[in-house]
Amino acid sequence: MSFINWESEKYSVNHDVMDKQHMQLVDMINQFHDFLNQGESKDALKMILGKLRVYADTHFKAEEGLLGKSNYPEVESHKKLHEYYIVKLSEFEKAMEKAPCNSDVMFFMKDWLMEHIEKEDKKYSNFLKSK
Ligand SMILES: [Fe+2]
Ligand SMILES: [Fe+2]
């Protein structure tokens, strides 16, 4: 069993591209979890964290683009939520330069992302469906 199991019913936003990107983010967090459990080096953990941050940023921009062109009313507040995650990931990367990584980072990455998809991304999904 993976650290995060993708459940379509729970997490799908009914948009193929967004779903695929969400799954990719989940894969990266699962990989981080495996690396941490296998006692991989800090460099390896930092590398995957960096990849996750870059890809999360790519995904967020794509999603914001979609919401903007769909005239989603909450696009600005949604952007703020995304910014928060990127800031947190950057802070974790910096912190890893000084101290070993602990599982708090991993749980934050998972909890924030899955809750965001389930609550916030589902809101735009419902909005797009109703259009
Ligand atoms: Fe989002
Ligand atoms: Fe998203």
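What you see is a predicted model; the values in this text were computed from it and never measured.

Quick notes on the rules
- Residues numbered from 1 in each chain as written.
- Chains lettered and ligands numbered in written order.
- Predicted model: local features only at pLDDT ≥ 70, side-chain atom pairs only at ≥ 80, totals over all residues.
- Helix = DSSP H or I, 4+ residues; strand = E, 2+ residues; numbered from the N terminus.
- Axes fitted to C-alpha atoms, helices over the stretch in contact; angles between N-to-C directions.
- Parallel < 35°, antiparallel > 145°, perpendicular 65-115°, else oblique.
- Contact = placed C-beta atoms within 7 Å.
- Nonpolar A, V, L, I, M, F, W, Y, C, P; charged D, E, K, R; others polar.
- Core = buried A, V, L, I, M, F, W, Y, C linked by C-beta atoms within 7 Å.
- Buried ≥ 20, exposed ≤ 12 C-beta atoms within 10 Å, placed from the backbone.
- Expected span 1.5 Å × (residues − 1).

### Examining the environment of valine 17
Logical step 1: Topologically, valine 17 is positioned in helix H2 (residues 16-37).
Logical step 2: On a C-alpha basis, the gap between valine 17 and alanine 62 in space is 9.3 Å, while along the polypeptide they are 45 residues apart.

### A look at unusual backbone geometry
Logical step 1: Backbone geometry at asparagine 14 places phi at a positive 55 degrees, although glycine is not the residue there.
Logical step 2: Mapped onto the elements, asparagine 14 comes out in the loop between helix H1 (8-11) and H2.
Logical step 3: The backbone phi angle of asparagine 71 is positive, close to 55 degrees, even though this residue is not glycine.
Logical step 4: Note that asparagine 71 resides in the loop between helix H3 (42-69) and helix H4 (75-98).

### Topic: the packing of H4 against helix H5 (residues 103-130)
Logical step 1: Packing of H4 against H5 brings their axes to within 11 Å, and their N-to-C directions diverge by 170 degrees. As judged from the angle between their axes, H4 and H5 are roughly antiparallel. On H5, the residues touching His78, Leu81, Tyr85, Lys88 and Phe92 of H4 are Val105, Phe108, Trp112, His116 and Glu120.
Logical step 2: Along the lines of polarity and charge, the residues of the contact of H4 with H5 split into six nonpolar, two polar and two charged.

### What about the nonpolar core?
Logical step 1: Counting residues in hydrophobic clusters, the biggest one holds 16 residues, and the most contacted among them are Leu25, Ile29, Phe32, Leu49, Leu52 and Met109.
Logical step 2: Of all the secondary-structure elements, those providing two or more residues to this core are H2, H3, H4 and H5.
Logical step 3: When residues no more than four places from it in sequence are discounted, the contact partners of leucine 25 are Leu52, Tyr55, Ala56, His59 and Leu113.

### Looking at H3
Logical step 1: End to end, H3 covers 40 Å across 28 residues, agreeing with the expected 40 Å (1.5 Å per residue, within 8%).
Logical step 2: Inspection of H3 places Leu45, Leu49, Leu52, Arg53, Ala56, Glu63 and Leu67 among the buried residues, and these make up the whole buried set.
Logical step 3: Taken together, the buried residues of H3 touch H2, H4 and H5.

### Re the packing of H3 against H4
Logical step 1: For the pair H3 and H4, interaxial distance at closest approach is 10 Å and the crossing angle is 170 degrees. Here H4 runs roughly antiparallel to H3, going by the angle between their axes.
Logical step 2: Grouping the constituent residues of the contact of H3 with H4 by class yields twelve nonpolar, five polar and seven charged.

Everything listed is a geometric property; what it means functionally is a separate question.
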